[in-house]
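Given next are the chains, with one letter for each unit.
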Amino acid sequence: MSEALRPILPVILCGGAGTRLWPVSTEAAPKPFHALLADETLFQATVKRVVGAAADGFLPPMIVCGRAHRALVEAQMDAIGIAPSLLVLEPCGRGTAPIAAIASELAAQRWPDALVLMVSADHLIADDDEFRRTVRRGAAIADDWIVTLGIAPSRPETGYGYIRRGAELAGGLYVVDRFVEKPDLAKAKAFVAAGDHSWNAGVFLFAPELMRQELETARPDIARAALAALPRGDGQLIELDEARFHACPAEAIDRAVMERTTRAAVAVCAFDWADIGAWDEVWRLSSRDEAQNAVRGDVSLTDASGSLVWSDGPAVAAIGVEDLVIVATRDAVLVVPRARAQEVRAAAERQARRGSGSD
């Protein structure tokens, strides 16, 4: 079937705790549901990126979220006047491989001509039109290849995975030579200098029949267990069976399929992209004053430089600070050197244990 005739079903994944963005991102309201860099939340921006593109063949999106976040999803979609094609509720997180199996099955049942586009709800993409054009370009080969999006690296980033490109299949589309986990700084610099590596954006475009075939070959245990959690029926709300889904092996689609298959391809992207994983990234992407400070909320700075100071409630005054992240909410305060922002995860996990009485 030609790519012009094959519709695309976006599947938006709202998983991930976002603990490195504590105390704003919490278990009750994780990263995708916050407006970190704009008036709309990351989730809302993701939905709008793939909605209203009917001329490009994009169907209304399927949303996959935790059962506890259903109200957040519905409220934020109502706020932008968009309804999902399906809402899939996870009783627990099991990674993206089980969701790929479930999305493939639901797409095959309800939209048998459609390709599946799996996207995370917490990524920042600067050019929505170019994103859709890139997806459409990848759709030309998606009957035979599982296509992932690769971002041209702008710096030797150690927090992202990389993809080394192999032979060119078509304009801007390549066979994946290998996937590389988050490298050290020396390797990251070498990857950037070589010019044949892309950042792995974690966006996947595939034909459901091909993904089901590859999952059955690589991880039949995941494929069987994930589908066993699907309820019967044809409604717009899909609540996965708790016991059966909990019994499903937890694995990312990257490890379960992409690193094993011979059918992995990469579409090289021409748009700016960021996975906003920690507060130093929020600072880097924010508008800053002449002293390189980024502020939000009721904040007063004196003799400060290179800092992110964020308040979701209380007034914050910072004097003589340099290269800090200061985040205040109604429930907690975080102070950390900007260079150590990746360590916030451990502090958030300790706080969660204290809150549950297990520490």
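Here we summarise the structure given alongside this text. (Residues numbered from 1 in each chain as written. Predicted model: local features only at pLDDT ≥ 70, side-chain atom pairs only at ≥ 80, totals over all residues. Heavy atoms only, no water.)

1. Regarding the sheet that holds strand S17 (residues 324–328)
Consideration 1: With respect to topology, four strands assemble into an open sheet ordered S13-S15-S17-S18, the strand pairing being mixed. Looking at which strands have only one partner, the edges of the open sheet turn out to be strand S13 (294–296) and strand S18 (333–337). On average, adjacent strands in this sheet sit at an angle of 5 degrees to one another, irrespective of strand direction.
Consideration 2: In the sheet, strand S15 (residues 308–311) pairs with S17 via four bridges, with the strands oriented parallel. Its bridge partner lying in S17, Val309 is registered against Ile326. (Pairing = 2+ DSSP bridges. Helix = DSSP H or I, 4+ residues; strand = E, 2+ residues; numbered from the N terminus. Axes fitted to C-alpha atoms, helices over the stretch in contact; angles between N-to-C directions.)

2. Thoughts on the side chain of His34
Consideration 1: Along the chain, the position of His34 falls in the loop between strand S1 (8–13) and helix H1 (42–50).
Consideration 2: On the basis of relative accessibility, which here comes to 18%, the residue His34 falls in the buried class.
Consideration 3: Here His34 is in contact with Val24, Ser25, Ala29, Thr41 and Leu42, once residues within four sequence places are set aside. (Buried < 20%, exposed > 50% of the residue type's maximum accessible area, 1.4 Å probe, protein only. Contact = heavy atoms within 4.5 Å.)

3. Remarks on the packing of aromatic side chains
Consideration 1: The final tally for this structure, using the stated rule, is seven aromatic pairs.
Consideration 2: Residues Tyr160 and Trp199 carry aromatic rings whose centres are separated by 4.9 Å and whose planes lie at 80 degrees to one another, so their mutual orientation is edge-to-face. Taken together, the positions of Tyr160 in the loop between strand S6 (146–151) and strand S7 (162–170) and Trp199 in strand S9 (residues 197–206) put the pair 39 residues apart, joining distant regions of the chain.
Consideration 3: Among the aromatic residues, ring-to-ring pairing joins Tyr160, Trp199 and Trp273 into one connected group.
Consideration 4: Above the plane of the ring of Trp283 lies Arg288, whose end atom (NZ or CZ) is 4.2 Å from the centre.
Consideration 5: In this structure, Arg338 packs its charged tip against the face of Trp283, placed 3.6 Å from the ring centre. (Phe/Tyr/Trp six-rings, centres within 6.5 Å; stacked < 30°, edge-to-face > 60°. Lys NZ or Arg CZ within 6 Å of the ring centre and 35° of its normal.)

4. Focus on the nonpolar core
Consideration 1: By size, the foremost hydrophobic cluster in this structure holds 91 residues, and its most contacted members are Val11, Ile12, Phe43, Ile63, Leu117, Phe131 and Leu205.
Consideration 2: No other element matches the eight residues that helix H3 (residues 96–110) contributes to this core.
Consideration 3: Those residues in contact with Leu205 that sit more than four places away from it in its chain are Ile8, Leu115, Val116, Leu117, Val135, Gly138, Ala139, Ala142, Trp145, Ile146 and Val147.
Consideration 4: Counting 21 residues, the second-largest nonpolar core is a separate cluster that includes Trp283, Leu308, Val325 and Leu334. (Core = buried A, V, L, I, M, F, W, Y, C linked by side-chain atoms within 4.5 Å.)

5. Structural notes on the environment of Pro23
Consideration 1: Positionally, Pro23 belongs in the loop between S1 and H1.
Consideration 2: Taking relative accessible area as the criterion, Pro23 reaches 5% and is therefore assigned buried.
Consideration 3: If near-sequence neighbours (up to four positions away) are discounted, Pro23 is found in contact with Val327, Thr329, Ala332 and Leu334.

6. Digging into the side chain of His123
Consideration 1: With respect to the helices, strands and loops of the structure, His123 is situated in strand S5 (residues 123–125).
Consideration 2: Overall, His123 belongs to the buried group, its relative accessible area being 9%.
Consideration 3: In this structure the side chain of His123 is engaged in a polar contact, spanning 3.5 Å, whose partner is the backbone oxygen of Ala201.
Consideration 4: A polar side-chain atom of His123 sits 3.2 Å from a polar atom in the side chain of Trp273.
Consideration 5: Sequence-distant contacts of His123, that is, excluding residues within four places in its chain, are made with Leu42, Thr46, Arg49, Ala201, Trp273, Ala274 and Asp275. (Polar contact = N/O pair within 3.5 Å; in protein donor to acceptor, adjacent residues only side chain to side chain.)

7. Concerning helix H4 (residues 128–139)
Consideration 1: With 12 residues, H4 should cover 16 Å at 1.5 Å per step; its first-to-last C-alpha distance of 17 Å lies within 8% of that length.
Consideration 2: For H4, the full list of buried residues reads Glu130, Phe131, Arg132, Thr134, Val135, Arg136, Gly138 and Ala139.
Consideration 3: For H4, the side-chain oxygen to backbone nitrogen distance between the N-cap and Asp129 is 3.2 Å, and the N-cap itself is Asp127. (Expected span 1.5 Å × (residues − 1).)

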